[in-house]
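Listed below, chain by chain, are the residues.
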Amino acid sequence: MAPMHSLRTHTCGELRREHTGLTVRLSGWLHRKRDHANVLFLDLRDHYGVVQCVLDGASPLLKTAEALRLESVITVTGQVVARAPDAINPRLATGEVEVAVGELTIQSTADPLPLPVNSDTELPEETRLRYRFLDLRRERLHRNIVLRSRVIASIRRRMIESGFMEFQTPILTSSSPEGARDYLVPSRVHPGKFYALPQAPQQFKQLLMTSGFDRYFQIAPCFRDEDGRADRSPGEFYQLDVEMAFVTQEDVFAALEPVLHGVFVEFAEGAAVTPPPFPRIPFGEAMAKYGSDKPDLRNPLLIADVTEVFRGSTFSAFATPVASGAVVRAVRAPGAAAQPRSFFDKLGQWAREQGAPGLGYVILADGGARGPIARFLDADRLAQLAAATGARDGDACFFVCDGKPAAERLAGRVRLRLGEELGLIEPNAFRFCWVTDFPMYELNEDTKKIEFSHNPFSMPQGGLEVLEKADPLTIKAFQYDIVCNGVELSSGAIRNHRPDIMYRAFAIAGYGRDEVEARFGGMLNAFKYGAPPHGGSAPGIDRIVMLLAGETNIREVIAFPMNQQAQDLLMQAPGPVAPERLKELHIKLDLPNADGEGSSRR
RNA sequence: GGGCUCGUGGUGCAGCCUGGUUAGCACACUGGACUGUCAAUCCAGAGGUCGCGGGUUCAAAUCCCGUCGAGCCCGCCA
């Protein structure tokens, strides 16, 4: 008989009734301990699960085992024993058996723990990040990281099955134009010059299309020196980066929809998933109906334009701004007539916190209208309001009056808030849509200059002719986002593969020919030797996993995330470097004054 | 860069609004008891510059100011 493996013959999660009688060897962490003096239970945990091990009073190992601290790593050898019927633990996959310990080896002892591993209590994030290796042992985070791996494997399989090829592109590359701040890496060989970490492999994937490859994808790390948010990891994140040659916008949608739909159905555990084709919502319509460029379609409420209801009315707080170009947007609150006064006061207070002067509302009840501004609306105007919003007796309507963009944005937030407050959000569902036809340019309110509103490499709708003739602010791009449950998963575009159009597009944004050549010479030059029409997209992997894991914080699906200040508390990054290293990189530090002891700049 | 919230033994929280006892509870830790538990239980113990600095006061964890740190948000994120 072959000798037994020195560490394990089985995993902690796999023992079942049919293993009864086998002598097994298990290794794992001491998850929990229940000590009855003459019988000691050890719950042993590994990646695969937990199993109960038993030592009885006669065991010479008892004293050693009793003294073990939680999270120590041990190897036990013993016989799998069926539990008595009244001792079965139905909450444990291995609960029908236990292991009668005959041998016990201590592999690694644990100090007293800075955070509990065997409990799911909430812990402050700073503690969790400092001891991430312990946090990762805990069930929730461990499960999320396993899910992440499975999701990525599924995406990769689906992409390859759809005829895409996986590529790698450089991490040390050149600074990209526009967009976020770059992370820079100094060059030792070229004094004063820097590599940049890619904000996305944007130009490389377009170069690959120009190189004659047809369907590119990459699970690509992206680096952006921007501040974090709950749904935005500072520093780095991963994209499913996709690019296709000889495609229209619809071809890109048709390629990505089955992948996303398939992945979500696979991991959504029965939740509803929008079947392809996903709804397409033009940007202008998204702003008008949902007050957002990332509409949450689980929310059934729609914003209505009720400017005409108030135009010329006696409610001067709205009528006066309307006369000079403001608009009024309404959100219906179904059944809100039954809400107490505090409901309306609370929303008004919230709106003021959002920077609005307040939140007008009308309650439709008992065939009439009440509320602070009801008396300003006669029967005709109320009928007009009901027609525009679909409001019926028993509903309320909330109003926002401002310039069009501000009114749309606030109405969008009111829509979200009402959906939540009134419990209208469709549960257990992933609702996808494409938001299309983004404007090519926008006006920077501070500088009054025209800027690219998204990707400067997007193809303007209408091509060169439109660029030359139309008001730039009216030009749309073949630019689109994928949105799921109000989360922006990706943006993408049909690219501008024509140097002549590119020069013109950049000229409108104030970039001269020389500057364009200096900054994207590599790609621009490539387009002068025969470039295919192409386009793609880049859904965020972390956000996909976040949605599937039911998490609202992206750090819950990243094994080793940085905190909001872009520090790695576990590895102590960023950290200082030795003066010799700086010298060979030709770098002298010019630090801000550290008169406050400089404790924030370690 | 700005706004809001938070900071109390190793860990999570209470106490703060309304200043005044020995700063309380749970988990972990140490010792003890216990033949079947599965969040084991019971008894005992150790462990605290109440983030830091200043102020008000007879007296500050508590009130005020400043500062540092964390989270969320705004800015930023082609």
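Summarised in this report is the structure supplied together with it. (Residues numbered from 1 in each chain as written. Chains lettered and ligands numbered in written order. Predicted model: local features only at pLDDT ≥ 70, side-chain atom pairs only at ≥ 80, totals over all residues. Heavy atoms only, no water.)

**Section: the overall build of chain A**
Then, in step 1: Summing up its helical and strand segments, chain A has 17 helices and 24 strands in all.
Then, in step 2: For chain A, the spread of C-alpha atoms along the three principal axes comes to 95 × 75 × 60 Å.
Then, in step 3: Counting every position in chain A, which comprises 602 residues, the buried fraction comes to 48%.
Then, in step 4: Here the contacts in chain A between residues at least 6 apart in sequence split such that 67% fall between residues at least 24 apart. (Helix = DSSP H or I, 4+ residues; strand = E, 2+ residues; numbered from the N terminus. Buried < 20%, exposed > 50% of the residue type's maximum accessible area, 1.4 Å probe, protein only. Contact = heavy atoms within 4.5 Å.)

**Some thoughts on empty space enclosed by the protein**
Then, in step 1: A complete count under the given rule lists 1 cavity of 30 Å³ or more for this structure.
Then, in step 2: Here the largest cavity defines a volume of roughly 30 Å³.
Then, in step 3: Around the largest cavity, the lining residues are Thr169, Pro170, Ile171, Pro198, Pro201, Gln218, Ala220 and Pro221.
Then, in step 4: For the lining of the largest cavity, the class distribution of residues is 6 nonpolar, 2 polar and no charged. (1 Å grid on protein atoms, 1.4 Å probe; cavity = no way out; pocket = protein on both sides within 12 Å on 5 of 7 lines; lining within 4 Å. Points joined across faces, edges and corners; volume = space filled by probe spheres on them. Nonpolar A, V, L, I, M, F, W, Y, C, P; charged D, E, K, R; others polar.)

**A word on the environment of Asp135**
Then, in step 1: Its location among the elements puts Asp135 in helix H3 (residues 132-135).
Then, in step 2: On the basis of relative accessibility, which here comes to 1%, the residue Asp135 falls in the buried class.
Then, in step 3: Sequence separation between Asp135 and Leu115 is 20 residues; the distance between their C-alpha atoms is 7.9 Å.
Then, in step 4: Polar contacts involving the side chain of Asp135 include one to the side chain of Arg128, which spans 2.6 Å. (Polar contact = N/O pair within 3.5 Å; in protein donor to acceptor, adjacent residues only side chain to side chain.)

**Digging into the side chain of Asn485**
Then, in step 1: Along the chain, Asn485 falls in the loop between strand S22 (479-484) and strand S23 (487-494).
Then, in step 2: When its relative accessible area of 9% is taken as the criterion, Asn485 is described as buried.
Then, in step 3: Among the polar contacts listed, one links the side chain of Asn485 to the backbone oxygen of Ala429, at a separation of 2.9 Å.
Then, in step 4: When neighbours within four sequence positions are excluded, Asn485 is seen to be in contact with Asp296, Arg298, Ala429, Phe430 and Arg431.

**Focus on the sheet that holds strand S12 (residues 280-282)**
Then, in step 1: Across the sheet, which stays open at both edges, the 8 strands sit in the order S6-S9-S10-S24-S23-S22-S19-S12 with mixed pairing between neighbours. Unpaired on one side and paired on the other, strand S6 (165-166) and S12 mark the two borders of the sheet.
Then, in step 2: Two strands pair when backbone bridges link them, and strand S10 (residues 235-245) and strand S24 (residues 534-537) are joined in this way by 4 bridges, in the antiparallel orientation. By the bridge assignment, Val242 is partnered in S24 with Ser537.
Then, in step 3: Where helix H5 (residues 202-210) meets the sheet, its contacts fall on strand S9 (215-224), S10 and S24, and the angle it forms with S10 comes to roughly 20 degrees. (Pairing = 2+ DSSP bridges. Axes fitted to C-alpha atoms, helices over the stretch in contact; angles between N-to-C directions.)

**Let's talk about the sheet that holds strand S4 (residues 73-82)**
Then, in step 1: An order of S1-S2-S3-S5-S4 is seen for the 5 strands of this closed barrel, with the pairing classed as mixed. Each adjacent strand pair in this sheet contributes to an overall mean axis angle of 55 degrees, direction not counted.

**A short note on the packing of aromatic side chains**
Then, in step 1: Inspection of the entire model under this criterion finds 26 aromatic pairs.
Then, in step 2: Their ring planes at 20 degrees and their centres at 5.7 Å tell us that Phe344 and Phe398 sit as a pair that is stacked. With Phe344 in helix H10 (residues 341-353) and Phe398 in strand S17 (residues 396-402), this residue pair connects regions lying 54 residues apart in the sequence. Of the two residues, Phe344 and Phe398, both sit in the buried class. (Phe/Tyr/Trp six-rings, centres within 6.5 Å; stacked < 30°, edge-to-face > 60°.)

**Some points on unusual backbone geometry**
Then, in step 1: Cis geometry is adopted by the peptide bond preceding Pro277, which originates at Pro276 and carries an omega value of -5 degrees.
Then, in step 2: Here the phi dihedral of Ala37 falls at roughly 70 degrees; this positive angle occurs in a residue that is not glycine.
Then, in step 3: Its location among the elements puts Ala37 in the loop between strand S1 (23-35) and strand S2 (39-46).
Then, in step 4: You will see that Ala566, though not glycine, has its phi angle at about 55 degrees, which is positive.
Then, in step 5: Mapped onto the secondary structure, Ala566 falls in the loop between helix H16 (541-549) and helix H17 (579-584).

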